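Coordinate inspection notes
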Amino acid sequence: MIESYYNLPLQVKKIVSNNEADQCDLKQSISNFIHLIATTHFGECTFDESFGCAIWSIDFDNLTSVNKLRDIISDSLLESITSKEKRLKSVKLEVAIQQDEFRGYAMNRVKKRVNITITGIIRLTNEPFLCVEKFYIAPLSY
């Protein structure tokens, strides 16, 4: 059984020079992979154009209702996680969107914050899994 995984971002320079790259446990590896799915645009990975999610497609969408945005993000991310992250089963996802106001010296800005909670069961150990991701969209930042 594999007990350690490479941490993201992957430190290729260390690996190529035969040095030890940063490693993590199974739960952190799954969380890193989910984060990678959530921050990747469909088509960005040329070897698998279905890798990613629709957050990028709605990043600057200010006209669609919050409920519709939540459904788009939820459906896309759940489909990607269940099809790409094979180490999890019984995956459930909750998405909440709220507006945060940032007060600046010259002007105030309002951004939409997307709170994503992913739960499931780790297949290998039958342990419960929990991952929380938070993003601001318009433009995307984390």
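Residues numbered from 1 in each chain as written. Predicted model: local features only at pLDDT ≥ 70, side-chain atom pairs only at ≥ 80, totals over all residues. Heavy atoms only, no water.

Digging into the environment of S31
In this fold, S31 is placed in helix α2 (residues 26-38). Remark: the alpha-carbon pair of S31 and K112, spanning 81 residues in sequence, is separated by 22 Å. Other than its neighbours up to four places away in sequence, S31 contacts F129, C131 and E133. (Helix = DSSP H or I, 4+ residues; strand = E, 2+ residues; numbered from the N terminus. Contact = heavy atoms within 4.5 Å.)

Some thoughts on the sheet that holds strand β4 (residues 108-122)
Reading across the sheet, the 3 strands line up as β3-β4-β5 and stay open at both edges, with antiparallel pairing between neighbours. Sheet topology places β3 (88-103) and β5 (128-137) at the edges, where each strand pairs with a single neighbour. Along the sheet, successive strands turn relative to each other by an average axial angle of 15°, direction set aside. In terms of strand pairing, β4 meets β5 through 10 bridges, oriented antiparallel. In the strand pairing of β5, V114 is matched with F135. Strand contacts of α2: β3, β4 and β5, with the helix running at about 30° to β5, the strand carrying the most contacts. On the sheet, helix α3 (residues 66-84) packs against β3 and β4 and is oriented at approximately 145° with respect to β3. (Pairing = 2+ DSSP bridges. Axes fitted to C-alpha atoms, helices over the stretch in contact; angles between N-to-C directions.)

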